[in-house]
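# Remarks on the overall topology
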Amino acid sequence: MEAAHKIDEGEPSLSVRADELPLDARPGFRTLTLRDDRLDFAGFGDEASSCRRRRARLRLIDLGRFSVSELEWLGEAGTDIYTSDRVKRAVSDLILIRRAAGRGCAWAVFFQHGPIDEPGLEALRELGRSGLDIQTSNAAMPRDFADLSTLAWDCGSGAAVFVYQHHGPLDPGLETLAGRGAWIHLTNGSLASADDVAFAGVCAKAARAHGANVILHVETRIDPDRLAELAAAGTFVLFKTPLSDYRSPLRPFEDAAARRRLPPRSYYLFPDYVL
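Now for a look at the structure at hand. (Residues numbered from 1 in each chain as written. Predicted model: local features only at pLDDT ≥ 70, side-chain atom pairs only at ≥ 80, totals over all residues. Heavy atoms only, no water.)

Each helix and strand in the protein chain was counted, giving nine helices and ten strands. A buried classification covers 56% of the 275 residues belonging to the protein chain. Looking at the protein chain alone, contacts between residues at least 24 apart form 68% of all its contacts between residues at least 6 apart. (Helix = DSSP H or I, 4+ residues; strand = E, 2+ residues; numbered from the N terminus. Buried < 20%, exposed > 50% of the residue type's maximum accessible area, 1.4 Å probe, protein only. Contact = heavy atoms within 4.5 Å.)

Here it is, written out as structure tokens:
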């Protein structure tokens, strides 16, 4: 089983406020995350140079303050750009930003908060084929799994990553989505029965066959037998519960979690939340 233990506190910032992490705040991450209104353009340029010298990553949360050309420059300087549909950037501009980030060995990530209508789906497909990572969630509204599977396929064809964060009961469409190489976030609250656990394991195997995985966020105490079944399927587990007593059957899973972490492109900014 791949797993990771809880490493962040507090809610993540998408486009509301800044989250600022000192370098080395989390072992192995060496990441500085700043909203675009925390520094002027020159300041971000300085931070990009500093992070590159120290082999750290600078992540910019795009609220629309900088021009496309400025974000291109920062991307080429190695800055990871995190943006969303709330910023309302044109598809052509997002593609330019993605290409610039690629030249700087950085990545650009787009989170879709709003509905995905037919024109919006075509725009997202173009972004995925261009190599822009796409993430979305069903927290605010239902999602069409046929649309999500199409997007995951397009992202794969463009060497991009597709991430879906799921709330509520499991849906049969998750298996197809996993088979298209999507990273899928679930909570153990979605696993109401033994059949749900088995289905989550099937999805994990399908995703792993295409370089992705199911990420299970353990928010409440979970049956060790169910966890063992998910472990056998290779599910990636994030514990949000307090560390168990050393005699608990959950402790070996938690200890394994402490030694592992998710690939940074498999979540939006911070790994601990199903957004």
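Having seen it, we continue.
Moving on to the pairing of strand S5 (residues 108–112). For S5, the tally of buried residues reaches five of five residues, placing the bulk of the element in the interior. Here S5 shows a buried face lined by Ala108, Phe110 and Gln112 and a second buried face lined by Val109 and Phe111. Pairing of strand S4 (residues 79–84) with S5, which is carried by four bridges, proceeds in the parallel orientation. In the strand pairing of S5, tyrosine 82 is matched with valine 109. Note that the unit made of S4, helix H3 (residues 91–103) and S5 has a crossover that is right-handed. As judged from the four bridges shared by S5 and strand S6 (residues 133–137), these two strands associate in the parallel manner. (Pairing = 2+ DSSP bridges. Right-handed = clockwise from strand over helix to strand, strands pointing away.)

With respect to the helices, strands and loops of the structure, threonine 136 is situated in strand S6. A polar side-chain atom of threonine 136 sits 3.2 Å from a polar atom in the side chain of arginine 143. Sequence-distant contacts of threonine 136, that is, excluding residues within four places in its chain, are made with Phe111, Gln112, Arg143, Leu148, Phe162, Val163, Tyr164 and Gln165. (Polar contact = N/O pair within 3.5 Å; in protein donor to acceptor, adjacent residues only side chain to side chain.)

All right, on to the layout of surface pockets then. Roughly 170 Å³ of volume is contained in the second largest pocket. If you go around the second largest pocket, you meet 14 residues; those closest to its centre are Asp85, Arg89, Phe110, Gln112 and Ala123. Looking at the lining of the second largest pocket, the element that brings in the most residues is helix H4 (residues 118–130), giving four residues. For the lining of the second largest pocket, the residue count by class is eight nonpolar, three polar and three charged. (1 Å grid on protein atoms, 1.4 Å probe; cavity = no way out; pocket = protein on both sides within 12 Å on 5 of 7 lines; lining within 4 Å. Points joined across faces, edges and corners; volume = space filled by probe spheres on them. Nonpolar A, V, L, I, M, F, W, Y, C, P; charged D, E, K, R; others polar.)

Here we take up the packing of H4 against helix H5 (residues 145–157). At a minimum axis separation of 7 Å, H4 and H5 run at an interaxial angle of 25 degrees. The angle between H4 and H5 falls in the class roughly parallel. Taking contact as the criterion, the partners of Leu121, Leu124, Arg125, Gly128 and Arg129 in H4 are, on H5, Asp147, Thr150, Leu151, Asp154, Cys155 and Ser157. (Axes fitted to C-alpha atoms, helices over the stretch in contact; angles between N-to-C directions. Parallel < 35°, antiparallel > 145°, perpendicular 65-115°, else oblique.)

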